[in-house]
Structure formats: structure tokens, C-alpha cells
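Spelled out from the first residue to the last, the chains are:
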Amino acid sequence: MRFVDEYRDADTARALAARIAGLCEPGRTYKFMEVCGGHTHTIYKHGLEDYLPEAITLVHGPGCPVCVIPMGRVDDAIHIAGQPDVIMTSFGDMMRVPGGHGSFFDSSAEGADIRMVYSPLDALKIARLNPDRRVVFMAIGFETTAPSTAMTILRAAAEGVRNFSVFCNHVTIIPAIKAILDSPDLRLDGFIGPGHVSTIIGCRPYEFIARGYGKPLVVAGFEPLDILQSIYMLLLQLAEGRSEVENQYARVVPWAGNVKALRAVNEVMELRPYFEWRGLGFISHSALRVRDEYAAYDAERLFDIPGNRVADPKACQCGEVLKGVLKPWECKVFGTACTPETPIGTCMVSSEGACAAYYNFGRFSRQRVREATR
Amino acid sequence: MTETRATREEQVLERIDRARRRRARVREEHITMAHGAGGKASQTLIEAVFLDAFRNPLLEPLEDGAVFGAGGARLAFTTDSYVVSPLFFPGGDIGDLAVNGTVNDLSVCGARPLYLSAGFVLEEGFPVEDLRRISASMARAAAAAGVSIVTGDTKVVQRGKADGCYVTTAGVGLLERDAALGVAHARPGDAVLVSGPVGEHGVTIMLARGELDIEADLVSDTAPLNGLVAALLDAAGGAVRCLRDATRGGVATILNEIARASGVAVVVEEDAVPVRPAVRGACELLGIDPLYVACEGRMVAVVAGEAADAALAALRGHPLGAGAAIVGRVRDDPPGLVLLKTAFGGTRIIDVLVGDPLPRIC
């Protein structure tokens, strides 16, 4: 398949792996965090870690949009979905995320009308087709998906659609990275920067990481060779004593981002003073809400939501996993009480979540897998 | 340090494996869509509710059909319900799907399908013309497979209580060969074959629902497999260990059932799995793996290693097996797992999904 296979070529991967190994200083270990859940997915899906020397550890970051939604927000969404005249719409991977009282799937089984959509525009279409129902879109995601939510609200306003609203849970990546950098129990050598988010925000917002914290960051694409190349670029920076923001994904990511998309988000949404992240706790200025001017499209104001905070289950160590302090298998409940069938923590829910990816794709000891496939 | 860490990881993984072998238990209070998707949730429901209630030696292996002796003959018996939406899709409709599905379940038991029943649940208001089309399609499919629909039932429910038309078929077939087929029969050294490109039916249905705004030149692979199975058993008879048609849950789920039931590892080469470009493209866009997408006219065959080439030739010699390929091998370790050598050159586990593959958000 064109534009895909080129980035999955095993020969190129082997050559790149040799150069990566050549850059590793003997006796030194390296910890790189891939911030984005999409990268985690690629790493496991293609078995990319088989190409890395033992000295390099990849740490899975907080960039899985489903994983960071706190349980209380899921409960709020389910509460909205439970109103008799409501059609709740959601991306597919939100369906199984557990709140304090079950998931969208459970709520659907109990009679709520919850529909999977592929874009907020699909939700708007459902609103047009069902004028006597209130249609709510469960908006989740980082800067990547916020523009499409904003554009949909703008379109609803332009078309005068009155029965459509958004339950806004959009989050922003920079404060989360900052929270991780400020966390005392973490030692990282560099970051693989989120490619999709960067198509919107560009590369400039990461400069404080390179300058202030002295950690190199390479914005990377989502094919396995993209990630291998970005690891090579990180090692090269370290070897040359540099700490910069570099863009491996220049074929998609403009340095300045997407001004038009940012303008749309800014028109419709504003930063919340603080927002709770699953596992990471409250982080200030880390999420978006709908502006007063668009209150008519804000489910948070239209519905009387309970807004109860639900503490993460005690046994769950999602926070440590999200911060990269623990590997998924080091969590006390990983794979026993917490599995993809019965997830306790959100990291186990989405296929992008570090725990689910590890459970589904990498659960077995690498050595035995290598022997079996030799 | 590295060693202790590796040992600790191994211990954790063993603990997980023990947890996985625990008795199935349904935690949900209500049926969710995941229970019908053919993945872990379906398995749990079947084992914890149905197997628990009906337990008997014929049901216990949980094969595609039951095989038993009656009046000197050996028979295979199976049933399946069809709730596909839309009812009509490129390459087929609920009618030929319902006939082919039951024909295939009998065929992969090693039986020659003979007689089918057909039960209809119809929603008030359903167009009679559509029912005629479905019935005509069933008649054509039955004729093509050489079976007769010899008994049936019709029920009508109020508007809104069903989605147009549901069809249930059951079938009996005659076992004329000695072949002992079963998911528990795979042995290290065996070869794993698929009879053609995977995932076409599932992707066709997803696109036919019109929710994705993706267009592709794809038709469902729905087809009766009895002729193909006969060709394979004629050529490789006693060397064939196991046949399964890869329906819900796709090839990945079938391979997991085989690995688990036989206590072996299955190693699949991603490069060797035939996938049409349109299927691959749609799956890439949606972030799902074609190995988990349903087929309705493809089967997985496990064959003794030395008979692999003969089996492949037999499959390829039949029109429905023209795209057949050897996709992997059976190994002894690690038992119960399916591993994939990725085209990229890495390795990963292929597990059973909990429910339907869900599209990813970005």
C-alpha cells in the first residue's frame, strides 16, 4: 500500500537499528517517553521494541485521550445519556471506559440511546435527523480532535441547529508533559513528541522542555520507521550534547502548527482553570470548556450533571503508569484483577492505553516470544 | 539487575496466565453488544451460562457443530442465527449468508451437509418483496451447496421489536470420512493455512452501513465451503487436523481457540496473510486489524507439516481457494498463545478481543 509500506520496511528498520545501537554509549541506559497513545499502539502493533537494544527503555506517556478521562466525568456523561430525550454520541473507544457505575456499553444495555460516531459531524447529522431529541457529543481528545469539535459547534450555530450540544472533555498536552517533568520520581532522557497534536499546535510549544528542562524532544510520525528514526534523532542529540526540539514528522507537521484550526478552537473554547486527569490528579489550565458565547451548545450547562468526583480505585496504579514510573506489568492488579475484559484503570481500556497495549500485544516475555518466532 | 527484573516480569506473566485459566464468570448484569461479538465476552457468556446449564460431552468441545452417531451413521448437527444489518449488501444478503453459514459449520466438521431448517423472525411492516428476495437467495445458495431446506418456522413481532428480519438456520450433515477434525488436534510442526484473502465480509458490511463515507470496490466473501473442504480432504485426508470457518472474531479468534484447545503456540507471518488492498486500506483508516474482521466464506486449516504443500495445492485448485496461503506454523512453546511476526520485522501477541474491534479516535 503506497504511503504506508515505505514506512514499514524491515530492511530500512534493520539499518536504522544498527545506527541506533551504534549511538548508545556502553554502560549507559536511556529512557524515552512516547507521549502519545498512538505511538504506544504503533510500537506494540509492529513489535518495534525488538529492534531496540536493551539499553533503551520506552516509557508510555499520558497521551491516550480515553485513558486520562476521570471516572466522575464518565458518570456525568452516563447521567446525560440516561435522560429520556437524549441521544448520546461517542467515539468507539470511549464505549468501554468504566466510570463509577459502569460504561457507555452498560448504560446502553440498560436502555440509554448511545451511538458510536466517527466524527462530531456525524453527531450533528443525527441531531438534524432527530429534531425532537437532544443530541450530545461526548467530546474527548487532545488538540488533535478539539478543532473538529469546535468546527462542529460553529457549523451547528451557523445552521441554527438547536438540539445539539457537546460534553466537552478536551485536554491539552503541554500541561500534562509539564506535570510529568515536575514529578520528582521520574528520570527521562528525552521525549518522542506527539505527531497528531503537533499538526495543530506546531513545534514551538515544546521549546520550554528543551530549554528549561534540558530534555530533547523529537516530534514523530506514526509509522514504525518514524518512531525508530525519532529515537535515532534523540540519541544523536544526546551524543552531541544538544537538547532541541526537532521535527521528524515534517511531511505532516508544520513548525507553526495549523493557525486556522487553532483559531476555531479559540473562538469556541477557553482554558478551564483546572481539570482532573485520571491518575495524574488536578492539573491547572490543562483542559478546554465551551465559551459563554456558545453556552447553547454546552451540555455541561444544559444538563444538571452530578459532577461527583470518583476517586481512582486504590489498587489501580494508572497514575504511575501514565507518568512512566511503573511498567504496566509492575502494577499490582495488572492482568489479574485488571484485564481488558474487566478494566479497573483506563490504561487497560483503550487499545492505545499502555496497559491494554502491553496486555494485548506484549504480555509474554520478549525472550520466549523471540525464541518461538525464530 | 536486568535478570531479576526479567524474572519478576516472568512471574507476573505466569500469575496472569493463571488468572486467565480461571473459570468463566459473567460480571455484567445485562447483555451488552460485546457478548455477541465472538470475542472474550461471547466466550465467557457461552461457558458461564449455556455450557453451565446444558453441559454434555457433545457440547463441551464448543466446536462449530456437534458430531454423533445415530442409527449406524455419523452425523453433524449445527445451528446459527443471522441478524446482519443491512439485510442486503454487496455480494450477498442475509439469505445466502444464513444458508452458507450453516453449510460451512457442517463442512468444517468434516460432514457433507444434507438438510437445513430455516426460522424467520419478521418485524411488523417488513416488505414482503424483501422477504421474497431473501427466500430466493436462500434457494439459490441451497442449490449451489447441494442442500435442501426441509423445515422451517415463521414468527412476526411488533414494529420496533426486531430489525426487519432475522433468520436462524440449523443443519444436519453426514460424516462419510474417517477424518478426526477438532480444535484440540493441532500438533507442533503443523502448518496453518487460510483459504483466501481475509476480512472482506466484515469490511463490506461496515462500508455498506454507510456511516464511514468510505467507498471501496469490495463484495462479501459469503460462499459455501463444502466443495472446498471436500477437495482438501480428498488431497490431504488424514493429515488435516482441524478446520474452522473464520466468521465473527476473524482468523485471529479461531487461531486462539486452536492454540488454547491444543495447548500449542501458533506463529503467524503477517506478510503471508492474504489481505486485499481495499480491506487493508479500510482497516488502516479505522485502526482495526484485518485478522479480527469476519469472513463468511474463508476457512482456517491446520494440516500436518509434511502435507502442507499438497493441502495448499488442493485449496488453490478450487475456485474458492484460489487465494489460499500458508500463513503460519504450530510450535510447542509458549502454549496457548498466537504470535505474529510483523511485516516490519518485530513480534507481538495476537489475543482474543473482548468485543467488536472499536475504531480508534486518532
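Residues numbered from 1 in each chain as written. Chains lettered and ligands numbered in written order. Predicted model: local features only at pLDDT ≥ 70, side-chain atom pairs only at ≥ 80, totals over all residues. Heavy atoms only, no water.

Draft legend 1. Region of interest: the environment of B:Gly110. All names here are of chain B. Take Gly110: it is sitting in the loop between α3 (94-107) and β5 (112-123). Looking at Gly110, the relative accessible area reads 11%, which means it is buried. Between the C-alpha atoms of Gly110 and Gly237, which are 127 residues apart in sequence, the distance is 10 Å. Apart from residues no more than four positions distant in its own chain, Gly110 is found in contact with Leu175, Leu181 and Leu233. (Helix = DSSP H or I, 4+ residues; strand = E, 2+ residues; numbered from the N terminus. Buried < 20%, exposed > 50% of the residue type's maximum accessible area, 1.4 Å probe, protein only. Contact = heavy atoms within 4.5 Å.)

Draft legend 2. Region of interest: unusual backbone geometry. Residue and element names in this part refer to chain B. Residue Ser85 is joined to Pro86 through a cis peptide bond whose omega torsion reads 0°. Along the polypeptide, Pro86 turns up in the loop between β2 (73-82) and β3 (88-89). The peptide bond linking Asp333 to Pro334 adopts the cis configuration, its omega dihedral lying at 0°. Mapped onto the elements, Pro334 comes out in the loop between β12 (325-331) and β13 (338-341).

Draft legend 3. Local environment of the packing of α3(B) against helix α4 (residues 128-145) of chain B. All names here are of chain B. Where α3 meets α4, the closest approach of the two axes is 7 Å, and the angle between their N-to-C directions is 30°. When the axis of α3 is compared with that of α4, the two are roughly parallel. Here α3 and α4 pass one another in a crossing that is right-handed. Touching Ile94, Gly95, Asp96, Val99, Asn100 and Val103 of α3 are Ile134, Ser137, Met138, Ala141, Ala142 and Ala145, all from α4. In the contact of α3 with α4, the residues fall into eight nonpolar, three polar and one charged. (Axes fitted to C-alpha atoms, helices over the stretch in contact; angles between N-to-C directions. Parallel < 35°, antiparallel > 145°, perpendicular 65-115°, else oblique. Left-handed = near helix turned anticlockwise from the far one by under 90°. Nonpolar A, V, L, I, M, F, W, Y, C, P; charged D, E, K, R; others polar.)

Draft legend 4. Just the packing of aromatic side chains, in detail. Scanning the model with the defined rule gives eleven aromatic pairs over all chains in all. Ring centres of A:Phe222 and A:Tyr249 lie 6.1 Å apart, and the angle between their planes is 75°; on these two criteria the pair is classed as edge-to-face. Of the two residues, A:Phe222 is situated in the loop between β8 (217-219) and α10 (224-239) and A:Tyr249 in the loop between β9 (245-247) and α11 (259-268); the sequence distance between them amounts to 27 residues. Judged by its relative accessible area of 13%, A:Phe222 falls in the buried class. Through successive ring pairs, a cluster of aromatic residues spans A:Tyr44, A:Phe334, A:Tyr358 and A:Tyr359. Over the ring of A:Tyr7 we find A:Arg251; its NZ or CZ atom is 3.8 Å from the centre of that ring. One residue, B:Arg133, lies across the ring of B:Phe88, its end atom 3.8 Å from the ring centre. (Phe/Tyr/Trp six-rings, centres within 6.5 Å; stacked < 30°, edge-to-face > 60°. Lys NZ or Arg CZ within 6 Å of the ring centre and 35° of its normal.)

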